[in-house]
Amino acid sequence: MNFHSMTGEQTAAYIQAQKQDTGKKNLLHTGKKKSLIKRFFLQFSDFMIIILLIAAGISFFLSIIGKDGDFVDPIIILIIVVLNAILGVIEESKADNALEALKKISSPSAQIRRHGEIMTVPSENVRVGDILLLQTGNCISADARLLKAVDLEVDESSLTGEAMPVTKDCDCVLNEFTPLAERRNMVFSSTSVMRGKAEAIVIAVGMDTEMGKIATLMQEEEDEPTPLQKKLSQTGKYLGIGALIICGIIFLLGVLKRLPPFMMFLTSVSLAVAAIPEGLPAIVTIVLAIGVQRMAKKKAIVKHLSAVEALGGATVICSDKTGTLTQNRMAVTETVAEDKMQLFEMAVLCCDRSANPTEQAIIDEAGRMGIDKTAADTRFTRLSERPFDSSRKLMSVMVSYYSKKRIITKGAAEILLKKCTHIIEDGQMRELSTQKSKQILDRVQRMGRKSLRVIAVAYKDTLYSHISENGLVFVGLIGMIDPPRPEVQRAVQECISAGIRPVMITGDNKITAEAIAEQVGISGTAITGEEIRSKNYDEIISYSIFARVTPTDKVRIVKAFKRRGHIVAMTGDGVNDAPALKAADIGCSMGKKGTDVAKEASDLVLVDDNFATIVAAVREGRGIFENIKKSIQFLLSSNIGEIITIFIGMLFGWEPPLLAIQLLWVNLVTDSLPALALGLDPTDPEIMRRKPRDPKKSLFSDGLWLSIFLEGGMIGALALLAFSIGYNFFDMGSSPVIARTMAFCVLSVSQLFHAFNMRSEHSVLNRSFFANPVLILSLVIGIMMQIGVVNISFAARIFKVSPLPAPAFLITACLSVMPIFIVELQKAVSRRHSN
């Protein structure tokens, strides 16, 4: 029922005629949660993880039947898989706290009248049909239709996004399509009474309230994997399927050559180990975690690791206006008066020290002019007052002004002006002419078009003790607005230059929305929430300014951009933003003024509530994605090199050039160190001058797969060359221990040097060699570890290698550094062709 389009009496009659569900609790339900065990095991559903588990199982089985008790391979793989599962469960648990925070903001108790008896009951026991008895300071515990109201103002900012308290009117009857923010005859659960008192009949409790609808929206929004997660999952499938196909081909080749089946099975398992980059999930997680630390230094706290990468790919930033683009406080921006000092002295005397943002703005501006509210009140004692009410739209006080009694009135300009007969001009009191009155009203309209809230101030001296609001002297106008943050305009321009589209979403009216948007640099015409409900997604995304939107509208806007292939970041601070924050690819809440609900629903918390911080976070996100891409390219090219080494060696009829444990060492140790170091590479200073990456494009687009295969072929060829030299010139046709050791070392160390090629698409000389000291350290540590594995006897026995004679060592060293020279030559040729 649209109770706002009914009178209070009609609402009460309708509610009382219905059969009430007295057992229905006034609670928000968070839905059924998955158990911790179920969450843990769901982490193993990823295709790459399944392949790793199969590899671990086969390796474990072979260790048993081989009777060598070598369980190192399966144990390492299992440790990696379990650690990733634990991290996944932790991430999911953080997201589930959003609905719990929503429940906490409701009122703990409520004063009601039920069956004629006044009582105080726990909020959860409020029922439909109860009469709420509201007064200043109350948190409203249910949605209700007003029956009586005296000077009632309600703060609905957390629900609607409106910065200003809403003046309520119990007698008005509204159109059934009236937006939520304009339903002046209703009060809503979890909003607060700022002023006045009222009686209201409860029309909805629990999940049926507007706050309950937000909880429902949050439950409906499932967390989607980020583009990188999708691409890594897809890559894992391709690698797993490719490994199985290649294993099958090798096994068939072995059968055709009449090689022993068991040996072929061992070789196939070695190849499977080579094909799967076991360290990739851990590397990506650690690089993202490093990104989290970087962003924290930029005052952006990341709650979910995946948000780091997703933020770097953002193509649209949907921002709530109040408290995000603006300061969430009223400030005086324009005044019209002959004597501004007199204007603010009068205005401040007609203000109460309350939480009313309009009066606070006047007091703050007066303070900046040297007029202290406390001192003024002490000097000019208030004798009586006539409080503001919604019908008069005026407030008046009588003060002892020097030796006179002075009445000071402030309020709506168009109403106050009708009560004025005189005006101060040129220091003199003159009669207010019709022409002058029209000029003032024209100025009020111009200020209104700039979305300013305009307050007029007037006074008169009197000999009487009662307050009369007629025959006043007009003093001036005060225009105020919730102003944009000073740094926002620059941040918006940086977004635009980086190819990111800024979009403003607000619960305010179209005029206010367009005025603020123009000030911060977002161009276009505003569209209301009611208007977008009849439009399709293509029509919706043609707008950049959205006004009078509900929480449902915000989710629809976010989904419209997502359905058209955009990666959407949503910023906000209120309860009304929470569903959209959860629906977006990256939800960004405010750390200072953000509600707990918004913080829990978001992926990123902006510590300083600064819109500009999200731009800095995008910059970091882009840099982190580039670094992850470098790490993936490095790891996969290394894995391709391992596959080629095993596969070509098999085609040549050689014994396996590398063993499974050697491949596992390369994948998890010598590969992982430089891959992690690449994750610490400094962000390119030019990165925010590029357009966002296309979310539809593959991670391996723009020739990356070709580069990976060519680089892998280079590494594999070098390892095979080392094996061939070792087998023919040092092992002399016997067991290929030296040959395998040389291939093992060349494969490991050449990859360490190859990591430097990943730092830039251009020459390694283009980036400062010492800009990433961790990468240099990884090279040194990797070489020392490889030397230790070969030369320390117990390690050599485990990895089935032996120390190299001097000539073999020199050949191995020369082959290991070759990737630097080969790739530099390739880059030089590519540059010449491109020019």
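A quick note: this is a predicted structure, and the numbers were derived from the prediction, not measured.

A.B. asks: I'd like to hear about the overall build of the protein chain, residue by residue, with values.
C.D. replies: Tallying secondary structure elements over the protein chain gives 32 helices and 23 strands in all. The burial tally for the protein chain puts 55% of its 835 residues in the buried class. When contacts within the protein chain are restricted to residue pairs at least 6 apart in sequence, long-range pairs at least 24 apart make up 71% of them.

A.B. asks: With reference to specific residues and values, describe the packing of aromatic side chains.
C.D. replies: Tallied over the full model, the rule gives 10 aromatic pairs. An angle of 35° between the planes, with centres 5.5 Å apart, marks the rings of Trp-705 and Phe-709 as tilted. Taken together, the residues span about one helical turn, with Trp-705 and Phe-709 both in helix α28 (residues 704–729) at a distance of four residues. Taking the relative accessible area as the measure of exposure, Trp-705 reaches 25% and is therefore partly exposed. Phe-709 gets classed as partly exposed once you look at its relative accessible area, which sits at 45%. Three or more aromatic residues joined by ring pairs make a cluster, and in this case those are Phe-652, Trp-654, Phe-723 and Tyr-727. A cation sits over an aromatic face here: Arg-693 above Phe-625, 3.4 Å from the ring centre.

A.B. asks: Which residues make up a positive patch on the surface, and what values do they have?
C.D. replies: Taken together, the side chains of Lys-299, Arg-329, Lys-592 and Lys-593 define a basic patch exposed on the protein surface. Looking at the secondary structure, you find Lys-593 in the loop between β22 (586–590) and α24 (596–601). With relative accessibility at 40%, the residue Lys-593 sits in the partly exposed group.

A.B. asks: Could you give an account of empty space enclosed by the protein, naming the residues involved and the relevant values?
C.D. replies: What the rule picks out here adds up to one cavity of 30 Å³ or more. By volume, the largest cavity is sized at about 50 Å³.

A.B. asks: Lay out the sheet that holds strand β20 (residues 545–547) with the relevant residues and their values.
C.D. replies: Sheet architecture is open: eight strands sit in the order β8-β23-β22-β21-β9-β18-β20-β19, paired in mixed fashion. Two strands in the sheet have a free side with no partner beyond their single neighbour: β8 (300–302) and β19 (526–528). Across the sheet, the axes of successive neighbouring strands diverge by a mean angle of 20°, strand direction being ignored. As judged from the three bridges shared by β22 and strand β23 (residues 604–606), these two strands associate in the parallel manner. Among the inter-strand pairings, Ser-589 is bridged to a residue of β23, identified as Val-605. Along the sheet, helix α22 (residues 551–563) makes contact with β9 (316–320), β18 (501–505), β20 and β21 (568–572), crossing β21 at roughly 160°.

A.B. asks: Tell me about the pattern of salt bridges, and please be specific about residues and values.
C.D. replies: The final tally for this structure, using the stated rule, is 33 salt bridges. Of the charged contacts, one joins Arg-430 and Asp-426 as a salt bridge, the two residues approaching to 3.5 Å between their closest N and O atoms. Asp-426 gets classed as exposed once you look at its relative accessible area, which sits at 60%. Across the salt bridge formed by Arg-564 and Asp-538, the nearest N and O atoms sit 2.6 Å from each other. Highlighted residues: Arg-564 in the loop between α22 and β21 and Asp-538 in helix α21 (residues 537–540), separated in sequence by 26 residues.

A.B. asks: Pulling in residues and values, what's your account of the confidence of the model for the protein chain?
C.D. replies: For the protein chain, the average pLDDT comes to 84, and 89% of its residues sit at 70 or higher. Here helix α5 (residues 97–104) is the element of the protein chain with the lowest mean pLDDT, 50, and strand β6 (residues 186–187) is the one with the highest, 96.

A.B. asks: How would you explain the nonpolar core if you had to name every residue and give the values?
C.D. replies: By size, the foremost hydrophobic cluster in this structure holds 92 residues, and its most contacted members are Met-295, Leu-311, Leu-477, Ile-586, Leu-604 and Ile-614. The element best represented in this core is helix α25 (residues 611–651), accounting for 13 residues. When near neighbours in sequence (up to four residues on either side) are disregarded, Leu-604 contacts Met-295, Ala-300, Ile-301, Val-302, Leu-311, Gly-587, Cys-588, Ser-589 and Ala-617. Judged by nonpolar contacts, the second largest core, of 47 residues, contains Leu-159, Ala-204, Ile-557 and Met-570.

A.B. asks: Give a detailed account of the pairing of β9, specifying residues and quantitative values.
C.D. replies: Side chains on a regular strand alternate between the two faces of the sheet. Judged by how many residues are buried, β9 sits mostly within the fold: five of five residues are covered. Burial along β9 is two-sided: the residues Val-316, Cys-318 and Asp-320 and Ile-317 and Ser-319 are all buried. Pairing of β9 with β18, which is carried by five bridges, proceeds in the parallel orientation. Counterpart to Asp-320 in the pairing with β18 is Ile-505. Direction of pairing for β9 relative to β21: parallel, over a ladder of four bridges. From the neighbouring strand, Ser-319 faces β21, where its bridge partner is Thr-571.

A.B. asks: Mind laying out the environment of Asn-125, listing which residues take part and the relevant values?
C.D. replies: Residue position: Asn-125 is located in the loop between β2 (117–122) and β3 (131–135). When the C-alpha atoms of Asn-125 and Ala-110 are compared, they prove to be 9.0 Å apart, with 15 residues separating the residues in sequence. Every residue in contact with Asn-125, bar those within four places of it in the chain, is listed here: Lys-25, Arg-114 and Asp-130.

A.B. asks: Give a detailed account of the pairing of strand β14 (residues 420–425), specifying residues and quantitative values.
C.D. replies: Bridge count between β14 and strand β17 (residues 472–481): three bridges; the pairing is parallel. Considered in β17, the bridge of His-422 is made with Val-473. Pairing geometry for β14 and strand β15 (residues 428–431), over four bridges, is antiparallel. Residue His-422 lies in a different strand from β15, and its bridge partner there is Glu-431.

A.B. asks: Account for the packing of helix α13 (residues 340–349) against helix α14 (residues 357–368), naming residues and giving values.
C.D. replies: For the pair α13 and α14, the least separation of the axes is 9 Å and the interaxial angle reads 135°. Judged on the interaxial angle alone, α14 and α13 are oblique. Here α13 and α14 pass one another in a crossing that is left-handed. Of the residues in α14, those touching α13 at Phe-344, Ala-347 and Val-348 are Ile-362, Ile-363, Glu-365 and Ala-366. Residues of the contact of α13 with α14, tallied by class, amount to six nonpolar, no polar and one charged.

A.B. asks: Can you tell me about a nonpolar patch on the surface, naming the residues and giving the values?
C.D. replies: Where nonpolar side chains cluster on the molecular surface, the patch consists of Ile-75, Ile-79, Val-82, Leu-83 and Ile-86 and spans about 430 Å² of accessible area. Topologically, Val-82 is positioned in helix α4 (residues 72–95). Of the residues examined, Val-82 reaches a relative accessible area of 34% and is grouped as partly exposed.

A.B. asks: Requested: an account of helix α29 (residues 737–757), with residues and values cited.
C.D. replies: With 21 residues, α29 should cover 30 Å at 1.5 Å per step; its first-to-last C-alpha distance of 31 Å lies within 8% of that length. The sharpest bend along α29 measures roughly 25° and falls at Gln-751. Burial runs high along α29: 20 of the 21 residues are buried.

Scoring rules and cut-offs
- Residues numbered from 1 in each chain as written.
- Predicted model: local features only at pLDDT ≥ 70, side-chain atom pairs only at ≥ 80, totals over all residues.
- Heavy atoms only, no water.
- Helix = DSSP H or I, 4+ residues; strand = E, 2+ residues; numbered from the N terminus.
- Buried < 20%, exposed > 50% of the residue type's maximum accessible area, 1.4 Å probe, protein only.
- Contact = heavy atoms within 4.5 Å.
- Phe/Tyr/Trp six-rings, centres within 6.5 Å; stacked < 30°, edge-to-face > 60°.
- Lys NZ or Arg CZ within 6 Å of the ring centre and 35° of its normal.
- Patch = residues over 30% accessible without salt bridge, like charges linked within 9 Å, V, L, I, M, F, W, Y side chains within 5 Å.
- Areas by Shrake-Rupley, 256 points an atom, 1.4 Å probe, with all protein chains shown as cover.
- Salt bridge = Lys/Arg side-chain N within 4 Å of Asp/Glu carboxyl O.
- Lys, Arg positive; Asp, Glu negative; His and termini not counted.
- Charge placed at Lys NZ, Arg CZ, Asp CG, Glu CD.
- 1 Å grid on protein atoms, 1.4 Å probe; cavity = no way out; pocket = protein on both sides within 12 Å on 5 of 7 lines; lining within 4 Å.
- Points joined across faces, edges and corners; volume = space filled by probe spheres on them.
- Pairing = 2+ DSSP bridges.
- Axes fitted to C-alpha atoms, helices over the stretch in contact; angles between N-to-C directions.
- pLDDT = per-residue confidence, 0-100.
- Core = buried A, V, L, I, M, F, W, Y, C linked by side-chain atoms within 4.5 Å.
- Parallel < 35°, antiparallel > 145°, perpendicular 65-115°, else oblique.
- Left-handed = near helix turned anticlockwise from the far one by under 90°.
- Nonpolar A, V, L, I, M, F, W, Y, C, P; charged D, E, K, R; others polar.
- Expected span 1.5 Å × (residues − 1).
- Bend = angle between axes of the 7 residues up to and from the residue.

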